Amino acid sequence: MTEFTALVKRDIALAFRQGGGMSAGLSFILAFLVMVPLAIGPDQATLSRLAPGLLWLALLLAVLLTAERIFQQDHDDGSLELLSMCPLPLELTCLAKAIAHWISVTLPLAALAAPLGLLLNLGADRIVPVALAMLAGSLSLSFVAAIAGAITAGLRRGGLLVPLLVLPLYVPVLIFGIAASTGNLGPTGNLPSLLVLLALTMITMVLQPWASAAALRAYFR
Amino acid sequence: MDWSSSHAGFVLAAYGLSFAVMAGLVLWTIIRKRRLAAQLKTVAKPDRTS
Amino acid sequence: MSSSMQILANPNLFQRIAAMVLPWLAAATALSFAAGLYLAFFASPADYQQGETVRIMYVHVPAAWMALFVYVLMALASAVALIFRHPLADAAAKSAAPLGAAFCFLALATGSLWGKPMWGTWWVWDARLTSMFVLMLLYLGYIAVWQAFDDPHRAAALARVVALVGVINIPIVKFSVDWWNTLHQPASVLKLTGTAIHPSMLWPLLLMALAYTLLYACLHLLAIGNEIAVRKIRATRLKDIEAR
């Protein structure tokens, strides 16, 4: 267990020191939010209607941008092979890196994105549902990003492949995330969608360690 | 089938496209087969220069 | 590993069996297409609501079925490669992908041609077409993995993961998109085939589906043969380099 938490702490520290953490994602989200009214016009009613969807898109794309970095650096300098020889199984190593990514990138972005919705005239009463939905989906976003990051860990031009691998896996999270964002709080509103997001988190939690480890082993041959 | 129907064009386009793509698949597979067989012959020849 | 799998594991034996089976498969394909097309155009009725455009169903639905079926086969082959290390399993998965992607494209394109007379627009984000679109992305991602790596063994190992993760995603996406679509559907929805399909429309559909499946079988056998040839060429070239 201590190896696991040590690995998580290491990755979080690396992310913050090298600026690969949430700051890159936050900059992207801010840039995206500026361009939205330039693209679709500043009409407040339109922006308000589209705000939850646009915020989710911003979050998904921001997390997508950081997916490559989860494994690439450690692969390039050989730390990944060393980690694979640790007593900690490779699957748990991959899980630790995904969780570290969640803590350093997706979780803060999910928390920050909803208040930024005010820029898109998101109703103040909608901030909490949107934030809840994003937080509920954030862990599975990191797991999916970690799967794609492992597959492209050794690729120079991996950036082209990551969106193609990630977006189909993001679709269910997006659909139920939006449903949870636009529903009212409570058992008939957003609760069923939140529960589905929880289920998706559990599915990706089981899938990611196996998939990332299997992908990394292809690089170790 | 009523060939003079206003939507006959769509039906024909759909079938035409489907058969064009499938014919394309067949051609691609067969042409690739011949090209690879020819490559296999030249590579398998005992040679010292190529 | 069962003995039939062991037999098919030998590439040369596979080639010989494929060569024997292919003429029969090709003949059956031609016959099915002939029968299916005859029924589709000359022996089935126009739809009460949709008119002649219902005939597009006979090329759209089989293409969609094949797109899904081939992906599942791809994932199965990847699983066999992963678990049993069957030598031809990776070749089977790799060669299936372009075929499945072509069927997926046809499903999307014929769906669009069906949609224009029915709904008035070339593209509609209904549940079926949206799921097909995501499936297309899955195919493109899988093919891209094979293209991205020079070492075929590394590419194979990664492609297996991509195929298996993708196949798990398919039912989830289907469920999600169906659910999403029910939120956004207008109240009176024009069902593509109606509640129950009449036998006069079922037979052309089944025959065309059979024809598509047989065609795919022919193409896949040939394509696996091509992959075997690619491997032989590569192995011979590597041996030449080593011999110098």
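Residues numbered from 1 in each chain as written. Chains lettered and ligands numbered in written order. Predicted model: local features only at pLDDT ≥ 70, side-chain atom pairs only at ≥ 80, totals over all residues.

A. Representation of the overall build of chain C in the model. Within chain C one finds seven helices and zero strands. Its C-alpha atoms give chain C principal-axis dimensions of about 70 × 40 × 30 Å. By the burial criterion, 41% of the 244 residues in chain C qualify as buried. Counting only contacts in chain C whose residues sit at least 6 apart along the sequence, the fraction spanning at least 24 positions is 78%. (Helix = DSSP H or I, 4+ residues; strand = E, 2+ residues; numbered from the N terminus. Buried ≥ 20, exposed ≤ 12 C-beta atoms within 10 Å, placed from the backbone. Contact = placed C-beta atoms within 7 Å.)

B. Just the overall build of chain B, in detail. Of regular secondary structure, chain B possesses one helix and zero strands. The C-alpha radius of gyration of chain B comes to 21 Å, more than 25% above the 10 Å expected for a compact globule of 50 residues. Projected onto its principal axes, the C-alpha coordinates of chain B cover approximately 65 × 15 × 10 Å. For chain B, buried positions account for 16% of its 50 residues. (Rg over C-alpha atoms; globule rule 2.2 N^0.38 Å.)

C. How the structure looks around the interface of chain C and chain B. Listed as interface residues are 32 residues of chain C and, on the opposing side, 25 residues of chain B. If one sorts the elements of the side of chain C that touches chain B by residue count, helix 7 (residues 199-243) of chain C sits on top with 12 residues. Its residues assigned to classes, the side of chain C that touches chain B comprises 21 nonpolar, six polar and five charged. (Nonpolar A, V, L, I, M, F, W, Y, C, P; charged D, E, K, R; others polar.)

D. Spatial organisation of the arrangement of the chains. Of all two pairs of chains in contact, the one with the most contacts involves chains B and C. Spatially, chain A is disjoint from chain B: no contact exists, and the shortest C-alpha separation is 24 Å.

E. Representation of the nonpolar core within the structure. Ranked by size, the top nonpolar core spans 152 residues in total, and within it Leu59 of chain A together with Ala67 of chain C carry the most contacts. Once you skip the residues sitting within four places of it in the chain, leucine 59 of chain A turns out to touch Leu109, Ala110, Ala113 and Met134 of chain A. (Core = buried A, V, L, I, M, F, W, Y, C linked by C-beta atoms within 7 Å.)

F. Molecular detail of the packing of helix 3 (residues 44-66) of chain A against helix 7 (residues 127-151) of chain A. All names here are of chain A. Across the interface, helix 3 lies against helix 7 with an axial gap of 11 Å and an inter-helix angle of 25°. Judged on the interaxial angle alone, helix 7 and helix 3 are roughly parallel. Handedness of the helix 3/helix 7 crossing: right-handed. Packed against helix 3, whose contacting residues are Pro52, Leu55, Leu59, Leu60, Val63, Leu64 and Thr66, the element helix 7 presents Val130, Met134, Leu141 and Ala145 at the interface. Partitioned by chemical class, the residues of the contact of helix 3 with helix 7 number 10 nonpolar, one polar and no charged. (Axes fitted to C-alpha atoms, helices over the stretch in contact; angles between N-to-C directions. Parallel < 35°, antiparallel > 145°, perpendicular 65-115°, else oblique. Left-handed = near helix turned anticlockwise from the far one by under 90°.)

G. Region of interest: helix 4 (residues 89-119) of chain C. Residue and element names in this part refer to chain C. For helix 4, built from 31 residues, the straight-helix expectation of 45 Å at 1.5 Å per residue is met to within 8% by its first-to-last C-alpha distance of 43 Å. Along helix 4, the sharpest change in direction is near 30° and occurs at alanine 97; proline proline 98 comes one to four residues later. A positive backbone phi angle near 90° is found at glycine 120, which sits one or two residues after helix 4. (Expected span 1.5 Å × (residues − 1). Bend = angle between axes of the 7 residues up to and from the residue.)

H. View of the interface of chain A and chain C. Counting from both sides, the interface comprises 21 residues of chain A and, opposite them, 23 residues of chain C. Of all the secondary structure elements, the ones that give two or more residues to the side of chain A that touches chain C are helix 7, helix 8 (161-182) and helix 9 (191-220) of chain A. The biggest single contributor to the side of chain A that touches chain C is helix 8 of chain A, with 10 residues. Of the residues assigned to the side of chain A that touches chain C, the class counts are 19 nonpolar, no polar and two charged.

I. Local environment of the confidence of the model for chain C. Residue and element names in this part refer to chain C. Mean pLDDT over chain C works out to 88, with 92% of the residues at or above the 70 mark. Taken element by element, the predicted model of chain C shows its lowest mean pLDDT in helix 1 (residues 3-9) (59) and its highest in helix 3 (residues 57-84) (95). We note a pTM of 0.90 for the whole complex and an ipTM of 0.89 for its interfaces. (pLDDT = per-residue confidence, 0-100.)

J. Representation of the environment of alanine 127 of chain C within the structure. Residues and elements named next belong to chain C. If you trace the backbone, alanine 127 turns up in helix 5 (residues 127-148). Here alanine 127 falls in the partly exposed class, since 17 other C-beta atoms lie within 10 Å of it. In this structure, alanine 127 is in contact with Val177, Asp178 and Asn181, ignoring residues within four places of it in sequence.

K. Region of the structure containing the packing of helix 1 (residues 2-17) of chain A against helix 6 (residues 90-116) of chain A. Residue and element names in this part refer to chain A. Taken N-terminus to C-terminus, the directions of helix 1 and helix 6 make an angle of 40°; their axes are 8 Å apart at the nearest point. By the angle between their axes, helix 1 is oblique relative to helix 6. Crossing hand, helix 1 versus helix 6: right-handed. Where helix 1 abuts helix 6, its residues Phe4, Leu7, Val8, Asp11, Ile12, Ala15 and Phe16 lie against Leu92, Thr93, Ala96, Lys97, Ile99, Ala100, Ile103, Ser104 and Val105. Residues belonging to the contact of helix 1 with helix 6 are distributed by class as follows: 12 nonpolar, two polar and two charged.

L. A look at unusual backbone geometry. Positive phi outside glycine occurs at asparagine 121 of chain A, with the angle close to 60°. Along the chain, the position of asparagine 121 of chain A falls in the loop between helix 6 and helix 7. Looking at asparagine 121 of chain A, the number of C-beta atoms within 10 Å reads 17, which means it is partly exposed. One non-glycine residue, arginine 85 of chain C, lies in the positive phi region at around 55°. Structurally, arginine 85 of chain C is set in the loop between helix 3 and helix 4.

M. Examining the environment of leucine 92 of chain A more closely. Residue and element names in this part refer to chain A. With respect to the helices and strands, leucine 92 occurs in helix 6. Measuring from C-alpha to C-alpha, the distance between leucine 92 and glutamine 208 comes to 9.9 Å, with 116 residues separating the pair along the chain. Excluding residues that lie within four positions of it along the chain, leucine 92 makes contacts with Phe4 and Pro209.

N. Main features of the environment of leucine 174 of chain A. All names here are of chain A. Looking at the element boundaries, leucine 174 is found in helix 8. In this structure the C-alpha to C-alpha distance between leucine 174 and glycine 53, which are 121 residues apart in sequence, comes to 8.7 Å. Among residues more than four places away in sequence, those in contact with leucine 174 are Trp56 and Leu60.

O. View of helix 2 (residues 22-40) of chain A. Residue and element names in this part refer to chain A. Taking 1.5 Å per residue, 19 residues should reach 27 Å; helix 2 reaches 27 Å between its end C-alpha atoms and fits that length. Turning to helix 2, its buried residues number three or more, namely Met22, Gly25 and Ile29. Within two residues after helix 2, glycine 41 carries a phi angle of roughly 90°, on the positive side.

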